[in-house]
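Listed here are the chains, written in short residue letters.
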Amino acid sequence: MDRGNVSDTEETRKTVGMPQRSKEELFEKGHPVVRTLREIPNLVFAGQEEELPAAVISLKKLFTRKQMDKNHVDCLVLYKIAEKVLHILMELSQRGICAGLIDIADFYVNVNTGELQVYLTHPERFQLLHFEQDYEWYPEDERLFGDVRLFDRALQQKADLRLLYKILVASTKGNVKIPPKHTEADYSELFYRTLPDEWKQIFQEGAACDYEVMREMFRQYIEMEESFDKETKKRLDDKAERKARRQAASVEMDADANEKTVFCLIALLRTELEESAVMSRLLYLLQDELEIEAKMAHFHCQQAFVFGNGAIAVKEFAKYPSGFRCQCEQKIREYSAAEALLIAVDRMDDVMRDHKDCEFRLYVLADGRLENDKMFQTVISMIEKKQKEGLKFYFLAGEDSRCEACQKLENLMTSSEETLYKHTSKKVTSMLPDAGVGLE
């Protein structure tokens, strides 16, 4: 049968005599409209409840505080549920079926799967054809719909919009206002506050909104929330990884308490990608000297690296094997070298808080002119503050690094006769051997 003509004609609507038969008999006789309902995915009829997955839960139960916490329901989950519900409502609308008021308890959801699924049960309760429908009217519903017995397309759109509102604010109550009032029973007020202004305006106006427009809005906000979730998870994973590394380093220190640990963070401020040998020579000489010093002075050398003036990359603190020379692929981009220095100071701040009775060194390597912007001035002040807390600062530069920013970094250098690293820019470059491999 042509789906487009299922319920559009008066003749089709009167196939079964209305006054003599109940709605249940209408379903038993297989009326054309009922056969159309059976084509809609995730619509569960009487007697089919056993076919639902074991993990499903009704929205009315899911939206209680206990279940919300247990199932970790947040804005993203509510958006996904509402989008699935909207899909079912659109299927009904496309077939010309006005279901009337649908109870939120008739929706079931499986939140334990990778792809969230929503099911609508008891379609036999729908307003169908010319049958009058008994509703449980709430004061808020009466204000919106009056005492109507049957819904047309316009009223159905308003009813569907109110249903979506209840889902987005996770309300278990039949009578929920806009905005909802705070109760101890649910989180409705909290979720309403997080709603975007576009949705608040639609719900406050109460006017019918096109289904396609709402579906596109759901898709946009779901993508946005998923992006936020990924960024948050990445930050938490990075933080957990840094903590694990710090704990591992601490355990390693405790295993050999007789030898102190020196934390050396090397910040590479590259400016000329075409002449990568300059930075390679600076880095390789520095790491050679660190290995010699660690061997002669009997200490553990923990190294970390921050690559700047390109795509920022970070290698966390670790005890790298003898002969290790750090490399990292970079692409030059226009931004301040201060950003890399800021990351370096932040890493040093973390490790200085977590470890006591250790030595902390910050090495800054530059192969050209650096930008002396406002952020750079701020970072200089931060380095000076950390120096007062015990940080030792060293600056190694190429022969062409004679700018004002480089001079400020050189003025910060730790003064000590024991160190091998206090060189002028010209001396450093002249002492460096030729490096066969550039810093990729």
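A short tour of the structure in this document, coming up. Nothing here was measured: the structure is a model prediction, and the numbers come from that model.

The subject of this paragraph is the pattern of salt bridges. Two side chains that carry opposite charge are able to pair once their charged atoms sit near each other. Tallying each qualifying case throughout the model produces 20 salt bridges. Across the salt bridge formed by Glu293 and Arg361, the nearest N and O atoms sit 2.8 Å from each other. Placement of Glu293 in helix α12 (residues 276–297) and of Arg361 in strand β8 (residues 359–366) is noted, with a sequence separation of 68 residues between them. A salt bridge links Glu316 to Arg347, with the shortest nitrogen-to-oxygen separation between them at 3.1 Å. One end of the pair, Glu316, is in strand β7 (residues 313–318); the other, Arg347, is in helix α13 (residues 337–354), and 31 residues separate them in sequence. For the pair Glu316 and Arg347, one class covers both residues: buried. Through salt bridges with shared partners, one network takes in Lys260, Glu293, Glu359, Arg361 and Lys392.

Turning next to the sheet that holds β8. Pairing within the open sheet is mixed, and its 5 strands lie in the order β7-β6-β5-β8-β9. Strand pairing shows two members of the sheet lacking a second neighbour, β7 and β9 (391–397), which therefore form its edges. Looking at each pair of strands side by side, their axes are set apart by 15° on average, direction ignored. Two strands pair when backbone bridges link them, and strand β5 (residues 261–269) and strand β6 (residues 300–308) are joined in this way by 9 bridges, in the parallel orientation. Its bridge partner lying in β6, Leu265 is registered against Ala304. In this fold α12 packs onto β5, β6, β8 and β9, with an angle of close to 160° to the strand it touches most, β8.

Residue Pro179 is reached from Ile178 by a cis peptide bond, and omega for that bond is -10°. Positionally, Pro179 belongs in the loop between α8 (153–168) and α9 (188–194). A positive phi angle, near 55°, is found at His72, a position not held by glycine.

Summed over all chains, the structure comprises 14 aromatic pairs. Among the aromatic side chains, those forming a connected cluster through ring pairs are Tyr79, Tyr165, Tyr192, Trp199, Phe203, Phe218 and Tyr221. When the ring centre of Phe45 is taken as reference, the NZ or CZ atom of Arg38 above it lies at 4.3 Å.

A few words on helix α10 (residues 197–205). Every buried residue of α10 is accounted for by Trp199, Lys200, Ile202 and Phe203. Within α10, the buried residues cover an arc of 165° as seen down the axis, which keeps them to one side. Summarising the geometry of α10, the exposed residues directed more than 90 degrees from the buried face are Asp197, Gln204 and Glu205.

Next up on the list: helix α14 (residues 374–388). Taking 1.5 Å of rise per residue, the 15 residues of α14 would be expected to cover 21 Å, and the 22 Å separating its terminal C-alpha atoms lies within 8% of that figure. Every buried residue of α14 is accounted for by Phe376, Val379, Ile380, Ile383 and Lys386. Looking down the long axis of α14, one finds its buried residues gathered within 125° of arc, a one-sided arrangement. Residues of α14 that are exposed and angled more than 90 degrees away from the buried face: Lys374, Lys385 and Lys388. As for α14, its buried residues are in contact with α13, β9 and α15 (404–411). Phi turns positive, to about 115°, at Gly390, one or two residues after α14.

Reading the values: rules and limits
Residues numbered from 1 in each chain as written. Predicted model: local features only at pLDDT ≥ 70, side-chain atom pairs only at ≥ 80, totals over all residues. Heavy atoms only, no water. Salt bridge = Lys/Arg side-chain N within 4 Å of Asp/Glu carboxyl O. Helix = DSSP H or I, 4+ residues; strand = E, 2+ residues; numbered from the N terminus. Buried < 20%, exposed > 50% of the residue type's maximum accessible area, 1.4 Å probe, protein only. Pairing = 2+ DSSP bridges. Axes fitted to C-alpha atoms, helices over the stretch in contact; angles between N-to-C directions. Contact = heavy atoms within 4.5 Å. Phe/Tyr/Trp six-rings, centres within 6.5 Å; stacked < 30°, edge-to-face > 60°. Lys NZ or Arg CZ within 6 Å of the ring centre and 35° of its normal. Arc of directions from axis to C-beta. Expected span 1.5 Å × (residues − 1).

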